[in-house]
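# Working through the structure, step by step
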Amino acid sequence: MCDTCGCTITAGNAHLAGADRAARTGTTVEVLKDLLAANDRVAEHNRAHFDEHGVLAINLMSSPGAGKTTLLEATIQALSGRYRIAVIEGDLETDNDAARIRAQGVPAVQITTGTACHLDAHLVHRALHDLPLAGLDLLFIENVGNLVCPASFDLGQHRNVVLLCATEGDDKPAKYPVMFRAADLVILSKADLLGVLEDFDPARAEAALRALGRDTPIIRTAARRAPALAAWLAWLEQQLSAPRALAPLRPLERGVNTSV
Amino acid sequence: MAFASDQVPCVRRGVRVHELSICQALIDEVAKIAASVDARTVGRITLEVGPLSGVEPELLARAFEVARTGTCAAEAELSIAVPDIVVRCSDCDATSPAQVNRLLCASCGGYRTRVLEGDGLKLRAVELDVPEAPPAALH
(Lines give C-alpha, C1' and ligand atoms only; values in the text may rest on other atoms or scores of the structure.)
Protein backbone atom coordinates (compact mmCIF):
# COMPACT_ATOMS: atom_id res chain seq x y z
CA MET A 1 0.00 0.00 0.00
CA CYS A 2 2.25 2.86 1.14
CA ASP A 3 5.88 2.97 2.05
CA THR A 4 5.76 5.46 4.92
CA CYS A 5 3.26 4.13 7.46
CA GLY A 6 5.00 0.86 8.08
CA CYS A 7 2.18 -1.36 6.81
CA THR A 8 4.31 -2.78 4.02
CA ILE A 9 7.11 -4.04 6.23
CA THR A 10 8.59 -7.16 4.81
CA ALA A 11 11.58 -9.26 5.67
CA GLY A 12 13.44 -7.35 3.04
CA ASN A 13 12.86 -3.86 4.35
CA ALA A 14 12.36 -4.50 8.05
CA HIS A 15 15.82 -3.20 8.91
CA LEU A 16 14.99 0.14 7.29
CA ALA A 17 11.74 0.48 9.19
CA GLY A 18 13.60 -0.38 12.39
CA ALA A 19 16.14 2.39 11.78
CA ASP A 20 13.37 4.88 11.15
CA ARG A 21 11.68 3.95 14.43
CA ALA A 22 15.01 4.27 16.27
CA ALA A 23 15.45 7.81 15.00
CA ARG A 24 12.13 8.75 16.56
CA THR A 25 12.87 6.96 19.81
CA GLY A 26 14.16 9.44 22.34
CA THR A 27 15.28 8.76 25.83
CA THR A 28 15.51 11.48 28.41
CA VAL A 29 18.15 11.12 31.05
CA GLU A 30 17.31 13.13 34.12
CA VAL A 31 20.46 14.55 35.57
CA LEU A 32 21.26 16.65 38.56
CA LYS A 33 24.75 17.84 38.06
CA ASP A 34 26.50 21.00 38.99
CA LEU A 35 28.68 22.00 36.09
CA LEU A 36 32.22 22.50 37.20
CA ALA A 37 34.31 24.24 34.63
CA ALA A 38 37.89 23.14 34.02
CA ASN A 39 39.01 26.28 35.83
CA ASP A 40 37.68 24.98 39.15
CA ARG A 41 39.74 21.80 38.93
CA VAL A 42 42.92 23.83 38.48
CA ALA A 43 41.80 26.12 41.31
CA GLU A 44 41.51 23.14 43.68
CA HIS A 45 45.00 22.15 42.65
CA ASN A 46 46.30 25.65 43.43
CA ARG A 47 44.54 25.64 46.78
CA ALA A 48 46.08 22.29 47.70
CA HIS A 49 49.48 23.75 46.80
CA PHE A 50 48.90 26.75 49.09
CA ASP A 51 47.70 24.50 51.92
CA GLU A 52 50.72 22.23 51.57
CA HIS A 53 52.96 25.24 52.24
CA GLY A 54 50.75 26.85 54.87
CA VAL A 55 50.28 29.99 52.75
CA LEU A 56 47.16 32.15 53.14
CA ALA A 57 46.09 33.22 49.65
CA ILE A 58 43.95 36.33 49.24
CA ASN A 59 42.27 37.39 45.98
CA LEU A 60 42.03 41.17 45.85
CA MET A 61 39.36 42.54 43.48
CA SER A 62 37.87 45.92 42.65
CA SER A 63 37.15 48.38 39.86
CA PRO A 64 40.26 49.76 38.13
CA GLY A 65 41.76 52.57 40.22
CA ALA A 66 40.13 51.69 43.55
CA GLY A 67 43.54 51.46 45.22
CA LYS A 68 44.51 47.78 45.33
CA THR A 69 48.20 48.23 44.60
CA THR A 70 48.58 51.20 46.94
CA LEU A 71 46.88 49.23 49.69
CA LEU A 72 49.31 46.37 49.11
CA GLU A 73 52.30 48.73 49.28
CA ALA A 74 51.10 50.10 52.63
CA THR A 75 50.27 46.60 53.90
CA ILE A 76 53.74 45.33 53.05
CA GLN A 77 55.31 48.29 54.85
CA ALA A 78 53.25 47.47 57.94
CA LEU A 79 53.61 43.67 57.97
CA SER A 80 56.77 42.57 56.18
CA GLY A 81 58.76 42.67 59.39
CA ARG A 82 56.55 39.93 60.82
CA TYR A 83 55.27 37.95 57.85
CA ARG A 84 56.81 36.71 54.60
CA ILE A 85 54.65 38.14 51.83
CA ALA A 86 54.55 37.68 48.06
CA VAL A 87 52.25 39.09 45.39
CA ILE A 88 50.90 37.89 42.06
CA GLU A 89 49.83 40.85 39.96
CA GLY A 90 47.26 40.71 37.15
CA ASP A 91 46.93 43.38 34.46
CA LEU A 92 46.21 43.42 30.75
CA GLU A 93 49.48 45.19 30.06
CA THR A 94 52.61 46.54 31.79
CA ASP A 95 54.78 45.39 34.62
CA ASN A 96 54.06 48.56 36.58
CA ASP A 97 52.30 47.03 39.55
CA ALA A 98 54.74 44.15 40.07
CA ALA A 99 57.59 46.68 39.89
CA ARG A 100 55.96 48.76 42.64
CA ILE A 101 55.64 45.70 44.85
CA ARG A 102 59.23 44.59 44.24
CA ALA A 103 60.35 48.10 45.22
CA GLN A 104 58.92 47.26 48.67
CA GLY A 105 61.37 44.35 48.89
CA VAL A 106 58.83 41.62 48.34
CA PRO A 107 58.73 39.04 45.51
CA ALA A 108 56.14 39.77 42.83
CA VAL A 109 55.18 38.00 39.64
CA GLN A 110 53.29 39.92 36.95
CA ILE A 111 50.69 38.18 34.81
CA THR A 112 49.88 40.19 31.70
CA THR A 113 46.69 38.82 30.26
CA GLY A 114 46.70 40.73 26.99
CA THR A 115 42.96 40.98 26.56
CA ALA A 116 41.55 38.72 29.27
CA CYS A 117 39.66 40.88 31.76
CA HIS A 118 40.15 38.53 34.71
CA LEU A 119 42.68 36.13 36.14
CA ASP A 120 41.91 32.43 36.06
CA ALA A 121 43.30 29.43 37.91
CA HIS A 122 45.43 28.37 34.97
CA LEU A 123 47.21 31.74 34.79
CA VAL A 124 47.82 31.67 38.54
CA HIS A 125 49.12 28.12 38.31
CA ARG A 126 51.67 29.19 35.68
CA ALA A 127 52.71 32.20 37.80
CA LEU A 128 53.35 29.90 40.76
CA HIS A 129 56.11 28.21 38.75
CA ASP A 130 58.03 31.48 39.19
CA LEU A 131 57.11 31.96 42.83
CA PRO A 132 58.43 29.45 45.37
CA LEU A 133 55.95 29.21 48.25
CA ALA A 134 58.38 27.69 50.76
CA GLY A 135 58.63 29.96 53.79
CA LEU A 136 55.81 32.28 52.71
CA ASP A 137 53.00 33.22 55.07
CA LEU A 138 50.81 35.40 52.87
CA LEU A 139 50.18 35.58 49.13
CA PHE A 140 48.12 38.39 47.66
CA ILE A 141 46.71 37.91 44.19
CA GLU A 142 45.82 41.32 42.82
CA ASN A 143 43.21 40.62 40.18
CA VAL A 144 42.54 42.65 37.03
CA GLY A 145 40.49 45.75 37.85
CA ASN A 146 36.94 44.63 36.99
CA LEU A 147 33.81 44.15 39.13
CA VAL A 148 32.21 41.61 36.79
CA CYS A 149 34.18 38.65 35.45
CA PRO A 150 36.77 37.98 38.19
CA ALA A 151 33.99 36.96 40.59
CA SER A 152 33.31 33.86 38.50
CA PHE A 153 36.85 32.48 38.50
CA ASP A 154 38.12 30.61 41.51
CA LEU A 155 41.89 31.00 41.59
CA GLY A 156 42.50 28.69 44.53
CA GLN A 157 42.42 31.52 47.05
CA HIS A 158 41.24 31.16 50.67
CA ARG A 159 39.62 34.58 50.93
CA ASN A 160 38.14 37.18 48.58
CA VAL A 161 38.62 40.85 49.46
CA VAL A 162 36.72 43.43 47.42
CA LEU A 163 37.57 47.12 47.48
CA LEU A 164 34.81 49.70 47.15
CA CYS A 165 36.40 53.08 46.68
CA ALA A 166 34.94 56.21 48.27
CA THR A 167 35.05 57.80 44.80
CA GLU A 168 32.64 55.18 43.47
CA GLY A 169 28.88 55.03 43.98
CA ASP A 170 27.65 53.78 47.34
CA ASP A 171 25.17 51.52 45.53
CA LYS A 172 27.87 49.41 43.89
CA PRO A 173 27.03 46.30 46.01
CA ALA A 174 23.50 46.42 44.57
CA LYS A 175 24.80 46.86 41.01
CA TYR A 176 27.35 44.04 41.24
CA PRO A 177 25.70 41.48 43.52
CA VAL A 178 27.71 38.47 42.33
CA MET A 179 31.02 40.18 43.09
CA PHE A 180 30.03 41.63 46.46
CA ARG A 181 28.40 38.37 47.57
CA ALA A 182 31.69 36.63 46.85
CA ALA A 183 33.54 38.94 49.23
CA ASP A 184 34.72 37.74 52.63
CA LEU A 185 35.67 41.34 53.40
CA VAL A 186 34.73 44.62 51.77
CA ILE A 187 37.16 47.50 52.14
CA LEU A 188 35.95 51.08 51.77
CA SER A 189 39.19 52.42 50.32
CA LYS A 190 40.48 56.02 50.10
CA ALA A 191 38.26 56.64 53.13
CA ASP A 192 40.28 59.79 53.90
CA LEU A 193 38.41 61.42 51.00
CA LEU A 194 34.96 60.91 52.54
CA GLY A 195 35.04 64.41 53.95
CA VAL A 196 35.05 65.90 50.44
CA LEU A 197 32.85 63.27 48.79
CA GLU A 198 29.46 64.24 50.13
CA ASP A 199 27.53 61.92 47.85
CA PHE A 200 29.05 58.77 49.28
CA ASP A 201 27.08 57.55 52.29
CA PRO A 202 28.92 54.67 54.02
CA ALA A 203 25.69 53.61 55.73
CA ARG A 204 23.99 53.20 52.32
CA ALA A 205 26.92 51.12 51.06
CA GLU A 206 26.71 48.91 54.12
CA ALA A 207 22.94 48.51 53.73
CA ALA A 208 23.39 47.51 50.09
CA LEU A 209 26.01 44.98 51.14
CA ARG A 210 23.83 43.62 53.96
CA ALA A 211 20.96 43.22 51.48
CA LEU A 212 23.07 40.56 49.77
CA GLY A 213 22.34 38.24 52.67
CA ARG A 214 25.73 37.85 54.29
CA ASP A 215 27.54 39.01 57.40
CA THR A 216 30.44 40.35 55.33
CA PRO A 217 32.31 42.99 57.32
CA ILE A 218 32.98 46.37 55.72
CA ILE A 219 35.99 48.31 56.99
CA ARG A 220 37.70 51.55 56.00
CA THR A 221 41.24 52.09 54.84
CA ALA A 222 43.35 55.03 53.83
CA ALA A 223 46.63 53.97 52.30
CA ARG A 224 48.29 57.13 51.00
CA ARG A 225 49.17 60.17 53.02
CA ALA A 226 48.35 59.10 56.54
CA PRO A 227 47.77 55.35 56.38
CA ALA A 228 44.82 54.16 58.42
CA LEU A 229 45.00 50.39 58.24
CA ALA A 230 44.23 49.14 61.74
CA ALA A 231 41.00 47.30 60.94
CA TRP A 232 42.50 45.77 57.77
CA LEU A 233 45.65 44.59 59.55
CA ALA A 234 43.57 43.17 62.40
CA TRP A 235 41.43 41.22 59.91
CA LEU A 236 44.58 39.89 58.19
CA GLU A 237 46.09 38.80 61.50
CA GLN A 238 42.87 37.01 62.35
CA GLN A 239 42.87 35.17 59.01
CA LEU A 240 46.54 34.25 59.36
CA SER A 241 45.87 32.54 62.66
CA ALA A 242 42.54 30.93 61.72
CA PRO A 243 42.24 27.48 60.11
CA ARG A 244 42.55 27.73 56.32
CA ALA A 245 40.14 24.95 55.47
CA LEU A 246 37.23 27.33 54.88
CA ALA A 247 37.37 28.29 51.24
CA PRO A 248 35.41 31.38 50.23
CA LEU A 249 31.91 30.99 48.83
CA ARG A 250 32.33 29.89 45.27
CA PRO A 251 29.44 30.28 42.85
CA LEU A 252 28.49 26.61 42.72
CA GLU A 253 28.65 26.07 46.44
CA ARG A 254 26.58 28.91 47.74
CA GLY A 255 23.58 26.70 48.31
CA VAL A 256 25.62 24.45 50.56
CA ASN A 257 28.11 26.57 52.51
CA THR A 258 26.97 28.71 55.36
CA SER A 259 28.17 32.27 55.71
CA VAL A 260 31.48 32.72 57.42
CA MET B 1 21.38 41.55 33.77
CA ALA B 2 22.32 41.47 30.13
CA PHE B 3 25.76 41.86 28.65
CA ALA B 4 25.40 43.34 25.21
CA SER B 5 28.59 42.92 23.24
CA ASP B 6 28.89 46.66 22.71
CA GLN B 7 28.76 47.34 26.46
CA VAL B 8 31.17 44.78 27.78
CA PRO B 9 34.58 44.68 26.11
CA CYS B 10 35.24 41.06 27.05
CA VAL B 11 32.37 39.82 24.91
CA ARG B 12 33.68 39.01 21.42
CA ARG B 13 31.21 38.14 18.67
CA GLY B 14 28.61 37.46 21.32
CA VAL B 15 30.82 35.05 23.25
CA ARG B 16 32.49 35.47 26.62
CA VAL B 17 35.24 33.18 27.93
CA HIS B 18 33.33 32.25 31.06
CA GLU B 19 30.29 30.91 29.22
CA LEU B 20 32.45 29.18 26.61
CA SER B 21 34.33 27.35 29.33
CA ILE B 22 31.05 26.29 30.95
CA CYS B 23 29.81 24.99 27.58
CA GLN B 24 32.93 22.90 27.16
CA ALA B 25 32.32 21.32 30.55
CA LEU B 26 28.66 20.84 29.65
CA ILE B 27 29.45 19.07 26.38
CA ASP B 28 32.01 16.83 28.10
CA GLU B 29 29.35 15.81 30.60
CA VAL B 30 26.71 15.25 27.92
CA ALA B 31 29.16 13.15 25.90
CA LYS B 32 29.76 10.93 28.95
CA ILE B 33 26.03 10.46 29.44
CA ALA B 34 25.46 9.75 25.74
CA ALA B 35 28.27 7.18 25.69
CA SER B 36 26.86 5.43 28.75
CA VAL B 37 23.60 4.62 26.92
CA ASP B 38 25.17 4.19 23.49
CA ALA B 39 23.29 7.19 22.17
CA ARG B 40 24.27 8.46 18.75
CA THR B 41 23.05 11.99 18.95
CA VAL B 42 21.78 14.46 21.48
CA GLY B 43 18.38 16.09 21.08
CA ARG B 44 17.67 18.63 23.77
CA ILE B 45 19.82 19.67 26.72
CA THR B 46 18.00 21.27 29.64
CA LEU B 47 19.99 23.59 31.88
CA GLU B 48 19.12 25.60 34.94
CA VAL B 49 21.01 28.88 35.21
CA GLY B 50 20.48 30.75 38.46
CA PRO B 51 20.32 34.57 38.43
CA LEU B 52 23.21 34.59 40.94
CA SER B 53 25.34 32.04 39.15
CA GLY B 54 27.48 34.64 37.36
CA VAL B 55 26.47 33.07 34.04
CA GLU B 56 24.46 35.04 31.50
CA PRO B 57 21.91 32.81 29.69
CA GLU B 58 22.08 34.66 26.38
CA LEU B 59 25.87 34.47 26.32
CA LEU B 60 25.65 30.80 27.26
CA ALA B 61 23.33 30.11 24.31
CA ARG B 62 25.72 31.85 21.93
CA ALA B 63 28.77 30.10 23.38
CA PHE B 64 26.95 26.79 23.00
CA GLU B 65 26.54 27.34 19.28
CA VAL B 66 30.30 27.68 19.04
CA ALA B 67 31.25 24.89 21.46
CA ARG B 68 28.92 22.19 20.07
CA THR B 69 30.49 22.14 16.58
CA GLY B 70 31.89 18.72 15.72
CA THR B 71 30.69 17.13 18.95
CA CYS B 72 27.90 14.64 19.77
CA ALA B 73 25.83 17.72 20.61
CA ALA B 74 26.31 19.30 17.18
CA GLU B 75 22.55 19.28 16.48
CA ALA B 76 21.40 19.62 20.08
CA GLU B 77 18.93 22.25 21.21
CA LEU B 78 19.74 24.09 24.42
CA SER B 79 16.85 24.81 26.75
CA ILE B 80 17.68 27.20 29.60
CA ALA B 81 15.45 27.60 32.64
CA VAL B 82 16.10 30.47 35.03
CA PRO B 83 14.79 29.52 38.49
CA ASP B 84 13.46 32.06 40.95
CA ILE B 85 15.74 32.87 43.86
CA VAL B 86 14.70 31.29 47.14
CA VAL B 87 16.40 31.96 50.48
CA ARG B 88 16.16 30.41 53.92
CA CYS B 89 16.54 32.64 56.94
CA SER B 90 19.04 31.60 59.61
CA ASP B 91 17.22 33.71 62.19
CA CYS B 92 13.55 32.72 61.78
CA ASP B 93 13.94 29.65 59.52
CA ALA B 94 11.42 30.97 56.98
CA THR B 95 11.84 30.18 53.30
CA SER B 96 11.00 33.06 50.97
CA PRO B 97 11.55 34.40 47.45
CA ALA B 98 14.22 37.06 46.94
CA GLN B 99 15.98 39.15 44.25
CA VAL B 100 19.58 39.19 43.06
CA ASN B 101 20.49 42.20 45.16
CA ARG B 102 17.88 41.93 47.88
CA LEU B 103 18.39 38.58 49.58
CA LEU B 104 16.68 39.49 52.84
CA CYS B 105 14.15 37.27 54.56
CA ALA B 106 10.65 38.26 53.42
CA SER B 107 9.27 37.13 56.76
CA CYS B 108 11.44 38.90 59.38
CA GLY B 109 13.57 41.16 57.15
CA GLY B 110 16.75 39.56 58.44
CA TYR B 111 19.90 39.49 56.32
CA ARG B 112 21.37 36.22 57.60
CA THR B 113 20.03 34.11 54.77
CA ARG B 114 21.23 31.20 52.72
CA VAL B 115 20.40 30.85 49.03
CA LEU B 116 18.52 27.59 48.44
CA GLU B 117 17.70 28.18 44.79
CA GLY B 118 19.12 30.58 42.24
CA ASP B 119 22.90 30.55 42.45
CA GLY B 120 23.56 27.28 40.75
CA LEU B 121 24.37 26.19 37.23
CA LYS B 122 22.88 22.74 36.76
CA LEU B 123 22.50 20.22 33.98
CA ARG B 124 18.93 18.92 34.47
CA ALA B 125 18.13 16.62 31.57
CA VAL B 126 19.52 15.31 28.31
CA GLU B 127 17.33 13.91 25.51
CA LEU B 128 19.15 11.30 23.51
CA ASP B 129 18.54 9.27 20.38
CA VAL B 130 19.15 5.75 21.52
CA PRO B 131 19.32 3.04 18.84
CA GLU B 132 16.58 0.44 19.27
CA ALA B 133 17.43 -3.21 18.85
CA PRO B 134 16.43 -4.16 15.29
CA PRO B 135 13.01 -5.93 15.22
CA ALA B 136 12.96 -9.72 14.84
CA ALA B 137 12.90 -10.72 11.16
CA LEU B 138 9.35 -11.01 9.86
CA HIS B 139 8.39 -14.16 7.96
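Residues numbered from 1 in each chain as written. Chains lettered and ligands numbered in written order. Predicted model: local features only at pLDDT ≥ 70, side-chain atom pairs only at ≥ 80, totals over all residues.

### Remarks on the sheet that holds strand β5 (residues 113-117) of chain B
Residue and element names in this part refer to chain B.
- Ordered in space as β4-β3-β5, the three strands form an open sheet in which the pairing is antiparallel. Edge positions in the sheet fall to β4 (95-98) and β5, since each of these pairs with one other strand and no more. Here the strands of the sheet are splayed against their neighbours by 40° on average, with no regard to which way each runs.
- Looking at chain direction, strand β3 (residues 85-89) and β5 are connected through four bridges and run antiparallel. In the sheet register, R88 faces β5, and the bridge partner there is R114. (Pairing = 2+ DSSP bridges. Helix = DSSP H or I, 4+ residues; strand = E, 2+ residues; numbered from the N terminus. Axes fitted to C-alpha atoms, helices over the stretch in contact; angles between N-to-C directions.)

### Some details on the environment of L123(B)
- With respect to the helices and strands, the residue L123(B) is situated in strand β6 (residues 121-129).
- Sequence separation of L123(B) and A81(B) is 42 residues, and the distance between their C-alpha atoms is 10 Å.
- Apart from the residues within four sequence positions on either side, L123(B) is in contact with V31(A), K33(A), L35(A), L26(B), E29(B) and L47(B). (Contact = placed C-beta atoms within 7 Å.)

### Some words on the packing of helix α1 (residues 17-36) of chain B against helix α2 (residues 57-67) of chain B
Residues and elements named next belong to chain B.
- At their nearest, the axes of α1 and α2 sit 8 Å apart, and the two run at 55° to each other. Taken together, the axes of α1 and α2 are oblique relative to one another. Where α1 crosses over α2, the two elements pack in a sense that is right-handed. The segment α1 lies against α2, with E19, L20, I22, C23, Q24 and I27 engaging L59, L60, A63, F64, V66 and A67.
- Along the lines of polarity and charge, the residues of the contact of α1 with α2 split into 10 nonpolar, one polar and one charged. (Parallel < 35°, antiparallel > 145°, perpendicular 65-115°, else oblique. Left-handed = near helix turned anticlockwise from the far one by under 90°. Nonpolar A, V, L, I, M, F, W, Y, C, P; charged D, E, K, R; others polar.)

### Notes on the pairing of strand β2 (residues 77-81) of chain B
All names here are of chain B.
- Note: strand β1 (residues 41-49) against β2, five bridges, orientation parallel. Counted as the bridge partner of T46 is S79 from β2.
- The β-α-β motif built from β1, the intervening α2 and the parallel element β2 has right-handed crossover chirality. (Right-handed = clockwise from strand over helix to strand, strands pointing away.)

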